[in-house]
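Survey of secondary and tertiary structure
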Amino acid sequence: MPTLFLVDDDELLRERMGRALTSRDYDVVEAGTYDEAVETLGTLRPDRAVLDLKMPGGSGLSLLKLLRERSPDTEVVMLTGYGSIANAVDAMREGAVGYIAKPADADQVLAAFDAQPALYAETTSEEFQPPSLAEVEWNHIQQVLADCSGNLSRAANLLGIPRRTLQRKLKKLAP
């Protein structure tokens, strides 16, 4: 039975996803925080991993780097409620095989591992809708913020907007 490491701070989602993946013949090992995940990786070398991007104690990208160092053959899918192009690109650069926005179910996660984009993509090329102005703005802000290593003051300066305005924009959910 293949091992799947599931890391997410949302306890309800983690338990639900864990049960669903167990019923699909995976030996699921769960962690709820970055520190708990790092401790588990001291002994675990999973076949697959599903990592939440934002969690207490550290980021999913940092955990992805650590996992790739300790277990280079592990396939990883990033799961996030704060999807942005910048985050997806960073995750793929670090070796993730897929990137899925929450809410997601077990079938979408497994489809991402199996590289079946038609099953986990929301639209096909015939249905392509250009991003809204709000989505483009959100993605640009996320990219600048990532380039500034999360420094709000520096990002606001580069964006040419007051820091408080940037904070208000970041409090809004992604479009």
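Note that the coordinates shown come from a computational prediction; the quantities given were computed from them, not determined experimentally. (Residues numbered from 1 in each chain as written. Predicted model: local features only at pLDDT ≥ 70, side-chain atom pairs only at ≥ 80, totals over all residues. Heavy atoms only, no water.)

With a side-chain oxygen positioned 3.1 Å from the backbone nitrogen of Ser 153, the residue opening helix α8 (residues 152-159) is Asn 151. Just beyond α8, the residue with positive phi is Gly 160, at close to 75 degrees. (Polar contact = N/O pair within 3.5 Å; in protein donor to acceptor, adjacent residues only side chain to side chain. Helix = DSSP H or I, 4+ residues; strand = E, 2+ residues; numbered from the N terminus.)

Take the confidence of the model for the protein chain next. Summing up the model confidence of the protein chain, the mean pLDDT is 82 and the portion of residues at 70 or higher is 87%. The low-confidence segment residues 116-125 (pLDDT under 50) makes eight contacts with residues lying over four places distant or belonging to another chain. (pLDDT = per-residue confidence, 0-100. Contact = heavy atoms within 4.5 Å.)

In this structure the tally under the stated criterion is five salt bridges. Taking the shortest distance from any N to any O, the salt bridge between Glu 30 and Arg 14 comes out at 3.6 Å. Of this pair, Glu 30 sits in strand β2 (residues 27-31) while Arg 14 sits in helix α1 (residues 11-22), and the two are 16 residues apart along the sequence. Across the pair Arg 48 and Asp 114 runs a salt bridge whose closest N-O atoms are separated by 3.0 Å. Separated by 66 residues along the polypeptide, Arg 48 in strand β3 (residues 48-52) and Asp 114 in the loop between α5 (106-113) and α6 (117-120) bring together distant segments of the chain. Judged by relative accessible area, Arg 48 falls into the buried class, the value being 13%. In the salt-bridge network here, residues are joined through shared partners; they are Arg 48, Glu 75 and Asp 114. (Salt bridge = Lys/Arg side-chain N within 4 Å of Asp/Glu carboxyl O. Buried < 20%, exposed > 50% of the residue type's maximum accessible area, 1.4 Å probe, protein only.)

Turning next to the pairing of β2. Inspection of the sheet shows strand β1 (residues 3-7) paired to β2 by five bridges, in the parallel sense. In the sheet register, Val 7 faces β2, and the bridge partner there is Ala 31. The parallel pair β1 and β2, bridged by α1, forms a crossover whose chirality is right-handed. (Pairing = 2+ DSSP bridges. Right-handed = clockwise from strand over helix to strand, strands pointing away.)

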